[in-house]
Amino acid sequence: MEIISVKDLRKTYKTYKRSEKGFFKSFFKREKVLVNAVDGISFGVEKGTIVGMLGPNGAGKSTTIKMLCGALFPTEGEISVMGYSPAKERAKYVKKIGAVFGQRSQLIFDIPPVDSFAMNKAIYGIPDDEYKKRLAEMVELFGIADVINKPTRVLSLGERMKCEIVMAMLHKPEVVFLDEPTIGLDVIAKATIRETIKKMNAEGVTFILTTHDLGDVEELAERVIVINHGKKIFDDKLHELKLLLGNKKIVDISLTAPFEGDAIDGIPVSKNEDGTKISVELDLDKTEVKEFLSRLGKAVDFSDIEIKELPMEEIITRLYTE
Amino acid sequence: MKLKVYLTCIKISIAQATAYRADFIMSTFITLLSNVFFPLVTIVIYANGLEFPGWTMWEVLALQSIFSLSRGIASMCLSSVMWATMDHVRGGSFETVLLKPISPLFYIMTTNFSVSQIGLVVGSAIVLAISLINTGVSGVLGVLSAIVLFIGGILVAAGLFLIMAAISFIWVGNSRLDEISSSVSNFGNYPLQIFGYGLRIVMAFVIPAGMIGSLPAEVLLKGVEPLYFLGLIPCVLVLMFGIWIYNRMIKRYEGVGG
Amino acid sequence: MFKKIRHIFGEGKAVAFATYKEWSAYRTHSLVSVFVGPAYFIVQYFVWKAVYGDTAMIAGMSFEAMVRYYGASALIGYLTMDFADWNLQMLIRTGKFLTFVLRPINHRRFALEQKLGHRVLGLIFEFIPCLLILWLLFGVDMRPVYIGWTILSIAITFLMNFYVNYTLGMTAFFLVNAGGIRVVYQLFANVLSGALIPINFFPEVVRRIMMFLPFQYTNYIPAMVWTGGADIAGFGLSVPEAVMFQGIALVIMIGFSELLYRAAIRRFTAVGA
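1. A word on the overall build of chain C
Part 1: Along chain C, the regular secondary structure elements total twelve helices and two strands.
Part 2: Taking 2.2 N^0.38 as the reference for a compact globule, 273 residues should give roughly 19 Å; the C-alpha atoms of chain C span a radius of gyration of 20 Å, in line with that estimate.
Part 3: By principal-axis analysis of the C-alpha atoms, chain C measures approximately 65 × 40 × 40 Å.
Part 4: Excluding contacts between residues fewer than 6 apart, the proportion of contacts in chain C whose partners are at least 24 apart in sequence is 82%.

This is the structure:
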């Protein structure tokens, strides 16, 4: 069942070009510029899935997610989330969703998260018994029992983000929007945040998350939407994204003697560090691993070899520049 | 040597502040404007045919502009020491100051010169000039004495800022400390004669807030009163106390850690 | 309807309580007022003692009334001050306002509930200690002449200050440099709210204009009502009349702020500033 459907979404901003003509002239006469932040995006989301949105800064993903949350009116196009039109029915709609915008905290800085939670309980009008049960569940799930009674200002970024997510989900939203949920976190904190998102997803919550971090997508999202210049440039399963640029692998080779050439038996060397550590980008459709290894063995002496997937960063960079 | 460092840093602050010209003009203008009303209550009182006994309106305005001038100069050099110390202590970044190879007080002072107070200084100077045209002065000796007492007043105002900065080590994050120094100084904003005898003694010779405005004004306008020079001693003491307690708090901070 | 009222009541209690707790960490800071308030009061006392000399009445006020006026003016400040303007501008500048659009709450109501919690602290740590100092230590008779009108007038002032400041804060939705507007307003408010000098001392033309501006309703009128002033606004308004004018000013202010709030939210959801 489709819980979110977006049709031909557009958002156009008017901005004013800064004129060089000096303060007063530019004050009265400004040049108008139209910017298409989101330029005709359509997609649907199945209930209970996690969808990752990728894109460089200023690509339009934040604008898209804000429109999905009802915080921004679309210039054109239609959005339907659980049957609501987000911006038009914002008052009713926001009761049904959860949203965390990584850099903009809902938690009150000087008091413990549990007090901030109690405030949201009143704002969302959650009944006492339901609130207690839900809070106990989530505290257990996120492992934050000893955290929620300390003032927010002394918590680590990871602990804060967990509390932030709890705060946004106390009222049991079916759909949750996360904007950069792991930004600025260390590796361990990232992993626990991803873990908790997975657990909530297992209970049937639909997540839409935007991120810079490909790790988030690799760990969480079965589906990826890539946005650039306000347009959707990719929308499919994650492994399809990897196939997009061909069935390729990276082979790192440690050599016993320095290698100077720029190809091994006709296969180009993509990286060469001080001659003894080289990398090759192998197109499996042209050369199979087995064949490559035998050709490699004939061409050079090597002490170690590692075969890796094409890194996501690489894929995305190529996708953006195409 | 130190003076040279200080002057260099002031030059840098001015260059920094004026780099964003519009911002600088705006903030200077706001400082000026928010103090432009200081003579208003006085003007309203005199406009209603009332007076401070023995003082004409222009005399009171001269007094109050000396007060503002004194506070303005002191806060140009030292008010941001208070704010900067407060921020460092609250944010736990005072260590960065301690790492510098010069005295922490001197370092904060040189790097936190608040140029925008120039608005207040210039504004007060203009009001003072206009007032003096209307009142005249008591003579060369009066002018010289007034200048000496005026410097004493700057020392008091500066000392108060340092004491507040020192308190901010204990009373962490209290952004209202400035109000305390303002409320103490405020006693110098009116002729000392209006206060009761006891308060007058205190304001002249114990916590010499009178030196910030009223005493130099009295000497300038009404003639030299040698007794007032005694008040210079507590002025120096207040400043020395300020420096001492500020440095003591730094020692304490070093001992305890952030 | 009943359910909605109960919801707002519960929400108000929770927000006020959270804010109370939030600022409790800084409650000792309020004690600065216990020093600063009386210090300014002493200066005012001697200034007016000197100015009055042997005169019985100035601008319709006796020396005793004047002293009580300054006491009331300061005390009312502790009960009604807020920085909704600064707070809202900060939320807009940092983009944190978004977190309110994403929750089922009206931010203006939220901010008012915050003020309630914040001012409870003001009541405990500023108003009561300073009242006791003025009354018991300085011997100023701070008993309100008409207790009912005084409470009503202070309640209106509480709301008036809030709606004025919140409206000033909302300018940040439309202007980049809204901070300037705030500073300019405060400049005028300092002089014209009556905190420095009662409005009675201003020329008639200024007093007439003041009737139509918010300033005097945020401090002067309630202070006059408290002290049972005889010649309110210099037009000889009676206490009930003064409170009535205050009420009218409040209604207009609320209406204006409501219009601006709607426009602001419309703009926010259109540009996402």
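2. A look at the overall build of chain A
Part 1: Scanning chain A from N- to C-terminus turns up eleven helices and 14 strands.
Part 2: On the principal axes, the C-alpha backbone points of chain A span a range of 75 × 60 × 45 Å.
Part 3: In chain A, buried positions account for 36% of the 322 residues.
Part 4: Long-range contacts, defined here as pairs at least 24 residues apart, represent 70% of the contacts in chain A between residues at least 6 apart.

3. Side note on the sheet that holds strand β8 (residues 223-228) of chain A
Residue and element names in this part refer to chain A.
Part 1: Pairing is mixed in the open sheet, where six strands are placed in the order β5-β6-β7-β3-β8-β9. Two strands close off the open sheet at either side, each with one partner strand: β5 (97-101) and β9 (231-237). In this sheet, neighbouring strand axes are inclined to one another by 15° on average, regardless of whether the strands run parallel or antiparallel.
Part 2: Sitting on the sheet, helix α6 (residues 157-169) touches β5 and β6 (175-179), and the angle it makes with β5 is about 155°.

4. Details of the interface of chain C and chain B
Part 1: Between chain C and chain B, the contact holds 22 residues from the first and 25 residues from the second.
Part 2: Elements that contribute at least two residues to the side of chain C that touches chain B include exactly α3 (32-52) and α9 (178-192) of chain C.
Part 3: At ten residues, α3 of chain C tops the list of elements feeding residues into the side of chain C that touches chain B.
Part 4: The residue makeup of the side of chain C that touches chain B, split by class, is 18 nonpolar, four polar and no charged.

5. Brief notes about the interface of chain C and chain A
Part 1: Taken together, the 22 residues of chain C in the interface contact 25 residues of chain A.
Part 2: When residues of the side of chain C that touches chain A are traced back to their parent elements, those giving at least two are α1 (2-24), α6 (98-101) and α12 (239-271) of chain C.
Part 3: Counting residues per element, the side of chain C that touches chain A draws most heavily on α1 of chain C, which supplies eight residues.
Part 4: Across the side of chain C that touches chain A, the residue classes break down as eleven nonpolar, six polar and five charged.

6. Observations regarding the arrangement of the chains
Part 1: The chain pair with the greatest number of contacts, out of two pairs of chains in contact, is formed by chains A and C.
Part 2: Of all C-alpha pairs spanning chain A and chain B, none lies closer than 10 Å, and the two are not in contact.

7. Details of α3 of chain C
Part 1: Taking 1.5 Å of rise per residue, the 21 residues of α3 of chain C would be expected to cover 30 Å, and the 30 Å separating its terminal C-alpha atoms lies within 8% of that figure.
Part 2: Positive phi shows up at G53 of chain C, right after α3 of chain C, with a value of about 55°.

8. A short note on the confidence of the model for chain C
Residues and elements named next belong to chain C.
Part 1: Averaged over chain C, the pLDDT score is 91; the fraction of residues at 70 or greater is 99%.
Part 2: Mean pLDDT values for the elements of chain C range from 82 in helix α2 (residues 27-30) up to 96 in helix α8 (residues 147-170).
Part 3: Both confidence scores are given for the complex: pTM 0.86, ipTM 0.89.

9. Quick notes on the pairing of strand β3 (residues 50-54) of chain A
All names here are of chain A.
Part 1: In terms of burial, β3 is largely enclosed, as five of its five residues are buried.
Part 2: Side-chain alternation along β3 places I50, G52 and L54 on one buried face and V51 and M53 on a second face that is also buried.
Part 3: Two strands pair when backbone bridges link them, and β3 and strand β7 (residues 206-211) are joined in this way by five bridges, in the parallel orientation. In the sheet register, G52 faces β7, and the bridge partner there is L209.
Part 4: Where β3 meets β8, four bridges bridge the pair, whose relative direction is parallel. Along β8, the bridge assignment pairs M53 with I225.

10. Quick look at the environment of T96 of chain B
Residues and elements named next belong to chain B.
Part 1: Within the element layout of this structure, T96 appears in helix α5 (residues 94-98).
Part 2: We classify T96 as exposed; it has 11 C-beta atoms within 10 Å.
Part 3: Separated by 47 residues in the primary sequence, T96 and V143 place their C-alpha atoms 44 Å from one another.

11. Topic: the domain arrangement of chain A
Residue and element names in this part refer to chain A.
Part 1: Parsing chain A into structural domains produces domain 1 (47-76 + 84-243) and domain 2 (245-321).
Part 2: One C-alpha centre belongs to domain 1, the other to domain 2; they are set 39 Å apart.
Part 3: Listed per partner, the contact involves eleven residues of domain 1 and nine residues of domain 2.
Part 4: Sorting elements by how many residues they give to the side of domain 1 that touches domain 2 places helix α9 (residues 238-244) first, with three residues.
Part 5: Along the lines of polarity and charge, the residues of the side of domain 1 that touches domain 2 split into eight nonpolar, one polar and two charged.

12. Considering the sheet that holds strand β12 (residues 267-273) of chain A
Residues and elements named next belong to chain A.
Part 1: The strand order across the open sheet formed by five strands is β11-β12-β13-β10-β14, and the pairing between neighbours is antiparallel. For this open sheet the edge positions go to β11 (263-264) and β14 (302-309), each flanked by a neighbour on one side alone.
Part 2: Strand direction decides the pairing type here: strand β10 (residues 248-255) and β14, joined by seven bridges, are antiparallel. Within β14, the position partnered with D252 by the bridge is E306.

13. Describing the nonpolar core
Part 1: By size, the foremost hydrophobic cluster in this structure holds 211 residues, and its most contacted members are A158 and F161 of chain B.
Part 2: Beyond its immediate sequence surroundings of up to four residues, A158 of chain B is in contact with A74, C77, L78 and L239 of chain B.
Part 3: Among the nonpolar cores identified, the runner-up in size contains six residues, and V251, I278, L282 and F292 of chain A belong to it.

14. Things to note about the packing of α3 of chain C against helix α4 (residues 63-80) of chain C
All names here are of chain C.
Part 1: Taken N-terminus to C-terminus, the directions of α3 and α4 make an angle of 160°; their axes are 10 Å apart at the nearest point. Between α3 and α4, the crossing angle belongs to the class labelled roughly antiparallel. Considering only the axes of α3 and α4, their crossing is right-handed. Contact residues: α3 offers S33, G37, F41, Q44, Y45, W48 and Y52, while α4 offers F63, M66, V67, Y70, G71, A74 and Y78.
Part 2: Of the residues assigned to the contact of α3 with α4, the class counts are ten nonpolar, four polar and no charged.

15. Here we look at the pairing of β10 of chain A
Part 1: Both β10 of chain A and strand β13 (residues 277-283) of chain A contribute to a ladder of seven bridges, which runs antiparallel. Counted as the bridge partner of K248 of chain A is D283 of chain A from β13 of chain A.

The rules behind these values
Residues numbered from 1 in each chain as written. Chains lettered and ligands numbered in written order. Predicted model: local features only at pLDDT ≥ 70, side-chain atom pairs only at ≥ 80, totals over all residues. Helix = DSSP H or I, 4+ residues; strand = E, 2+ residues; numbered from the N terminus. Rg over C-alpha atoms; globule rule 2.2 N^0.38 Å. Contact = placed C-beta atoms within 7 Å. Buried ≥ 20, exposed ≤ 12 C-beta atoms within 10 Å, placed from the backbone. Pairing = 2+ DSSP bridges. Axes fitted to C-alpha atoms, helices over the stretch in contact; angles between N-to-C directions. Nonpolar A, V, L, I, M, F, W, Y, C, P; charged D, E, K, R; others polar. Expected span 1.5 Å × (residues − 1). pLDDT = per-residue confidence, 0-100. Domains from an automatic or database assignment. Core = buried A, V, L, I, M, F, W, Y, C linked by C-beta atoms within 7 Å. Parallel < 35°, antiparallel > 145°, perpendicular 65-115°, else oblique. Left-handed = near helix turned anticlockwise from the far one by under 90°.

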